[in-house]
Amino acid sequence: MKSSASCILFVMLASLILLVKAQNPENHQLVLVESDEADDEVEVEEEFSREEKPFDISKVFIPTNEWQIVKPDQTVLPGLHIRMNLQTGLKEAKLMDGDDGTNYFKALENLRNAGDTGIGQAVIPSPSEEQENLSSGSPESAEREEMLRKNIIEALKNIKSDDGKTPEELSLEAAESRKKFRSYEDLKKDFDEINISMETDNEILTRVINQYQKSDSDDQKVILLEDLEYLVHQFDNGITFVDLGGIEIIVKPALNSTSSIIKQGALHLLGSAVQGNPKVQIAALEAGLLQLLIRAVTQDPKDGVSRKAIYALSCLVRGFPYGQQALVQHGGLEVLRKIFDRKDWQSLPLQLKVVSLVHDLLMERAEAEGERLQQLNRLDITEQLAIGGWCPAVSSLLTAASFDRRDRRYDMGAALRNELPLRPDHDTVDKVVSAMDSMVEVCRYHFNEALPLLRHLANTYDDLAYKEQFQDDEGGYGLFRGLAEMIQKLIKNINVKEEL
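Residues numbered from 1 in each chain as written. Predicted model: local features only at pLDDT ≥ 70, side-chain atom pairs only at ≥ 80, totals over all residues. Heavy atoms only, no water.

### Digging into the sheet that holds strand β4 (residues 80-84)
Stated precisely, the cut-off is as follows: Only when DSSP finds a minimum of two bridges between them are two strands counted as paired. Strands here mean DSSP runs of E at least two residues long; helices mean DSSP runs of H or I at least four residues long; both are numbered from the N terminus.
Strand order in this open sheet of three strands is β3-β5-β4, and the pairing throughout is antiparallel. Two strands lie at the open edges of the sheet, namely β3 (68-69) and β4, each paired on one side alone.

Structure (structure tokens):
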């Protein structure tokens, strides 16, 4: 019983002393001493390890929102952000981010009044004699600080990059790389020596226009027109070309030139400038270029001027309702229709370009919406086509499209067998059938006469598609099958009225 009671007494005394120690950890220690009593009895004696030093309130660290050095003899209360400056080896502290210091200064006030912060035990450093010498500025302290700094620097040097190289190795590698390339200053010096200067597109356009005005050679002018045509493809350059007076200075005089190559160059330049550029399109109409283009279309197709004129005219009126209205008002459709009266093979490419233009204008109306549709409906171009003789003119091209004069031997063999040639010009068929399909609503009666030839072409392309599917040319099969289906669709649309 005596042994059990002694154990219980020991546990209670130990708990009590530990509680006191937790409240005042710096000033007390627990020491176990031997007793003269029996071996199972233990006495616990509390011993003060050192004398309690008086607390100096003036030594408490006063923080701000900026980092400040904490002196070795200063006391730092809890609640601050503390760090060690690796460059100086000194301890620094400041208020926590977003903290105005209210709690810290309240604890300081409590400490000043009652010797207690009210927020827990004050952190008062008690450095040993060696630490005091270290912070006193003695030679031993300076030597230790220097050694600490060298150790940190050496540790940083040994840190390797992601590819396993140390900073020294990376520095050597960068130095070797710099030897392989020339510096910016060297390059700049070389460019200055060879007198290279950069020009803006505006400056280039101005320079080329001036050179064209001063040139007396047609060959030189053609080259300059090609340079301008390349530049005005860009939207902003086309507008700049107009602003610089390019239409009046270059295009109009060139279109009135007696040289066909100068005219072709100017027409190509104009087409590139006006294509999809409303400001340039308006400027061209205001300059009277539409009439010049209509007149150029009527020229002999052998010199190539008329085909370039169709190109420029198409670029001017496509997607431009005001330009299409001007085309009709100036009799442009009548002039274009008369091209189909020519019965020579040289006129076929020009006629196909006209058919493509008419097809594009009709498709533009079919796909238009909103304000653009209202603008296009003010000019009923389909009525102009119906009363202007366009229906028989377009369908007449279907016969020409069925013959490919590039293979005379095949055509003669078909003629001896009293058959239609089976080598149609596929691109021509595509363009003509597409145009007829867009005009079928107003030309159904006239297209009835072309039904036998259309059925024959449909059978021809069905046969070609069937043969091509067993060969390696998959592209040919897709082309022939597409043409066969397009022709069959046109035949069905022509027969709608008869079925009703």
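After that view of the structure, there is still more to cover.
### Quick look at the confidence of the model for the chain
Note: predicted coordinates in regions of low pLDDT should not be interpreted at a detailed level. Rules: Every residue is assigned a pLDDT by the predictor, reflecting its confidence on a scale from 0 to 100. Two residues qualify as a contact provided that any one of their heavy atoms is within 4.5 Å of a heavy atom in the partner residue.
Overall, the prediction assigns the chain a mean pLDDT of 76, with 71% of residues at 70 or greater. Segment residues 118-135: pLDDT under 50, and 25 contacts once partners within four positions in sequence are set aside and those in other chains are kept. The model gives residues 403-423 a pLDDT under 50, and that stretch makes 21 contacts with residues more than four places away or in other chains.

### Considerations on the packing of aromatic side chains
What characterises a pair of aromatic rings is the spacing of the ring centres plus the angle enclosed by the ring planes. Threshold: Stacked, edge-to-face and tilted labels apply to pairs of Phe, Tyr and Trp rings (six-membered ring for Trp) whose centres lie within 6.5 Å, assigned for plane angles under 30 degrees, over 60, and everything in between, in that order. Buried, partly exposed and exposed residues are distinguished by accessible area as a fraction of the type maximum, computed with a 1.4 Å probe on protein chains only: under 20%, between the cut-offs, and over 50%, respectively. Each ring is checked for a lysine NZ or an arginine CZ that lies within 6 Å of its centre and within 35 degrees of its normal; such an atom marks a charge sitting over the ring.
What the rule picks out here adds up to three aromatic pairs. Relative to Y322, the ring of F320 has its centre 6.0 Å away and its plane inclined at 70 degrees; by these criteria the two rings are edge-to-face. On the basis of relative accessible area, F320 is assigned to the buried category, the value being 8%. Overall, Y322 belongs to the exposed group, its relative accessible area being 52%. Seen from their ring centres, F340 and W390 are 5.6 Å apart, and the 75 degrees between their planes marks the pair as edge-to-face. Within this pair, whereas F340 is found in the loop between α16 (332-338) and α17 (348-367), its partner W390 is found in helix α20 (residues 390-401), the two being separated by 50 residues in sequence. The burial state of F340 is the same as that of W390; both residues are buried. The side chain of R83 reaches across the aromatic face of W67, ending 4.0 Å from its centre.

### Brief notes about the packing of helix α7 (residues 201-214) against helix α10 (residues 246-255)
Selection criterion: Here an angle of 0 to 180 degrees is reported between the N-to-C directions of two axes, which are lines fitted to C-alpha atoms, with helices fitted over the stretch in contact. Here the word oblique covers every angle except those under 35 degrees (roughly parallel), over 145 (roughly antiparallel) and from 65 to 115 (roughly perpendicular). For a crossing to be left-handed, the near helix must be turned anticlockwise from the far one by less than a right angle; the clockwise case is right-handed. In the scheme used here, Gly and all other residues not listed as nonpolar or charged are polar, with Ala, Val, Leu, Ile, Met, Phe, Trp, Tyr, Cys and Pro taken as nonpolar and Asp, Glu, Lys and Arg as charged.
It is the contact of α7 with α10, at a shortest axis distance of 10 Å, that shows an interaxial angle of 40 degrees. Taken together, the axes of α7 and α10 are oblique relative to one another. In the crossing of α7 with α10, the sense of the turn from one axis to the other is left-handed. Across from I209, Y212 and Q213 in α7, the residues of α10 making contact are I249, I250 and A254. When grouped by side-chain class, the residues that make up the contact of α7 with α10 number five nonpolar, one polar and no charged.

### Describing the pattern of salt bridges
Basically, it comes down to this: The term salt bridge refers to a side-chain nitrogen of Lys or Arg lying within 4 Å of a carboxyl oxygen of Asp or Glu.
Evaluation of the coordinates by the stated rule reveals twelve salt bridges. With its nearest N and O atoms 3.7 Å apart, the salt bridge here joins R372 to E364. Classification of R372 as partly exposed rests on a relative accessible area of 37%. Owing to a relative accessible area of 16%, E364 belongs among the buried residues under this scheme.

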